[in-house]
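# Residue-level structural notes
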Amino acid sequence: MLKKKDKPRLVAHCGIYCGLCSSRNRMPQQAQALRQTMRNGGWDSLGREVNDFKEFWRFLNRITDPEKSCPGCRTAGAPPFCGGPESCDIRQCALDRTVDLCVHCRDWPCARIERLAGAYVTLIADGTRLKKIGLDKWLKEQEARAKTGFCYCDIRCRPYAVPDK
Amino acid sequence: MPGTKTKKAELRLVTYCGLYCDLCSSRGRIPKQASALRETMRKEGWEYWGNTVPGFKEFWKFLGGMSEPDKSCPGCRQGGGPPFCGIRKCARANGLDLCVECKEWPCHRIEGLAVGYVNLIPDSQRLKRKGAAKWLKEQEARAKTGFCYCDIRCQPYTVPDK
């Protein structure tokens, strides 16, 4: 169970649950496994002789930590494909309208959400469910999903784009 | 006794000291784990926008290298392995393909290495007894279990230079 102050932190305005993104729940584990094997193989000392190893190791260490890999788009972090914290139009719109979650907006699902849902095929059904059962229960369901190892990218459809306006 | 050429090909993944390269994590585990991470990052779209993240370009190139066993480590007969290895130097100087064929085996260097690689001496004895072809099949079967030497390696161990 997440702490109260953390509740909205790991849900993007658009309704995506951060714990189901591979940047937080698959990459860090895989990066940790690779780091552990490399440590067992002596790479952290021998690797210094190898070109670019230092840069590689620094980056690998960073992505072993979900909070550094992606702290979520409400916290400094933002998926780089959104172009940085300032440039996700969904987030910007939600901030302008002071809605914590897009599902609570009277215009939901708007054109932007619909476009995003073209790739994140669970987005609208999950948003509808969130409205129905409330955030607490919904978060528990997402945590259970995360435990199965599922990530959105496993079923994501490409290409997709979020309209600017 | 196989011809020299066949023997060379056969021993491609056996080090002079008697280790089987595919039981080293550099070939047996790191490439699989690096490939898994690369696949996840590809699915997440890193190839498209990763270049905007500082350090990503170098990381991605290095990760790609680790994903292939022959790039991660081509084996110590093909330029891989620790560059400073005294055992390889000695075997080459004595014109030997395998240390176990040396009259001084197991020498103090091999014994030093065997402190870390606890299976080294019995495995080499078996290689001598069974011949390379059968021995290699056994090592391949071991590799399929996911076992790597580093799982049971004891520290510290040292291989004397002289």
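Residues numbered from 1 in each chain as written. Chains lettered and ligands numbered in written order. Predicted model: local features only at pLDDT ≥ 70, side-chain atom pairs only at ≥ 80, totals over all residues. Heavy atoms only, no water.

A few words on the overall build of chain A. Scanning chain A from terminus to terminus reveals nine helices and zero strands. When its helices and strands are written in sequence order, chain A yields α-α-α-α-α-α-α-α-α. The burial tally for chain A puts 46% of its 165 residues in the buried class. Contacts in chain A between residues at least 24 apart in sequence constitute 61% of all its contacts with a sequence separation of at least 6. Surface accessibility of chain A: about 8,800 Å² in total, with carbon and sulfur atoms responsible for 53%. (Helix = DSSP H or I, 4+ residues; strand = E, 2+ residues; numbered from the N terminus. Buried < 20%, exposed > 50% of the residue type's maximum accessible area, 1.4 Å probe, protein only. Contact = heavy atoms within 4.5 Å. Areas by Shrake-Rupley, 256 points an atom, 1.4 Å probe, with all protein chains shown as cover.)

You'll often see interface size given as the accessible area lost when the parts meet. Of the residues lining the interface, 29 residues belong to chain B; the matching set on chain A comes to 32 residues. Summed over both sides, the interface between chain B and chain A buries roughly 2,600 Å², with carbon and sulfur atoms accounting for 68% of that surface. Interface area lost by chain B to chain A is led by B:Lys43, B:Glu44 and B:Phe62, which between them contribute 25%. The closest approach of N and O atoms between B:Lys43 and A:Asp154, which form a salt bridge, is 2.9 Å. Counting residues per element, the ones that place at least two in the side of chain B that touches chain A are helix H2 (25–28), helix H3 (30–43), helix H4 (46–49) and helix H5 (56–66) of chain B. Here the element with the most residues in the side of chain B that touches chain A is H3(B); it accounts for eight residues. For the side of chain B that touches chain A, the residue count by class is 16 nonpolar, seven polar and six charged. (Buried area = accessible area lost by both parts, 1.4 Å probe. Salt bridge = Lys/Arg side-chain N within 4 Å of Asp/Glu carboxyl O. Nonpolar A, V, L, I, M, F, W, Y, C, P; charged D, E, K, R; others polar.)

Counting residues in each nonpolar core, the largest one holds 28 residues, and the members touching the most others are A:Ile16 and A:Tyr17. For this core, the secondary structure elements donating two or more residues are helix H6 (89–96), helix H7 (111–119), helix H8 (123–133) and helix H9 (135–147) of chain A. It is H7(A) that contributes the most residues to this core, four residues altogether. Counting 27 residues, the second-largest nonpolar core is a separate cluster that includes B:Leu13, B:Cys99, B:Val100 and B:Leu113. (Core = buried A, V, L, I, M, F, W, Y, C linked by side-chain atoms within 4.5 Å.)

A few words on the packing of aromatic side chains. All names here are of chain B. According to the stated counting rule, one finds 19 aromatic pairs over all chains in the structure shown. Centroid distance Tyr117 to Tyr157: 5.7 Å. Interplanar angle 85°. Geometry classified as edge-to-face. Residue Tyr117 is located in the loop between helix H8 (108–116) and helix H9 (120–130), and its partner Tyr157 is located in the segment after helix H10 (132–144); the two are separated by 40 residues in the primary sequence. Taking the relative accessible area as the measure of exposure, Tyr117 reaches 11% and is therefore buried. With a relative accessible area of 24%, Tyr157 lands in the partly exposed category. (Phe/Tyr/Trp six-rings, centres within 6.5 Å; stacked < 30°, edge-to-face > 60°.)

Let's shift gears to the packing of helix H2 (residues 27–40) of chain A against helix H4 (residues 53–63) of chain A. All names here are of chain A. Contact geometry of H2 with H4 gives a least axis separation of 8 Å together with a crossing angle of 135°. The orientation of H2 relative to H4 falls into the category oblique. For the element pair H2 and H4, the recorded crossing hand is left-handed. Residue-level inspection shows Met27, Pro28, Ala31, Leu34, Arg35, Met38 and Arg39 of H2 in contact with H4, the latter providing Phe53, Phe56, Trp57, Leu60, Asn61 and Ile63. (Axes fitted to C-alpha atoms, helices over the stretch in contact; angles between N-to-C directions. Parallel < 35°, antiparallel > 145°, perpendicular 65-115°, else oblique. Left-handed = near helix turned anticlockwise from the far one by under 90°.)

Averaged over every residue, the pLDDT of chain B is 91; the share at 70 or more is 97%. Model confidence for the complex: the whole-complex pTM is 0.81, and ipTM, which rates the interface, is 0.78. (pLDDT = per-residue confidence, 0-100.)

Once that is clear, we can look at H8(A). All names here are of chain A. Residues of H8 that are buried: Leu123, Asp126, Gly127 and Leu130. The arc that holds the buried residues of H8, viewed along the axis, is 100°, so those residues lie on one side. Exposed side of H8, more than 90 degrees from the buried face: Ala125 and Lys132 are the residues found there. The secondary structure elements touched by the buried residues of H8 are H7 and H9. Two residues or fewer after H8 comes Gly134, characterised by a positive phi angle close to 90°. (Arc of directions from axis to C-beta.)

Turning our attention to the pattern of salt bridges. Residue and element names in this part refer to chain B. Under the counting rule described, the total for this entry stands at 19 salt bridges over all chains. In this structure, the salt-bridge partner of Glu104 is Lys103, at a minimum N-O distance of 3.8 Å. As far as the burial class goes, Glu104 and Lys103 line up, both exposed. A salt bridge links Asp123 to Arg142; the shortest N-O distance between them is 2.8 Å. Highlighted residues: Asp123 in helix H9 and Arg142 in helix H10, separated in sequence by 19 residues. In this structure, a network of salt bridges that share partners links the residues Arg12, Asp22, Arg27 and Asp70.

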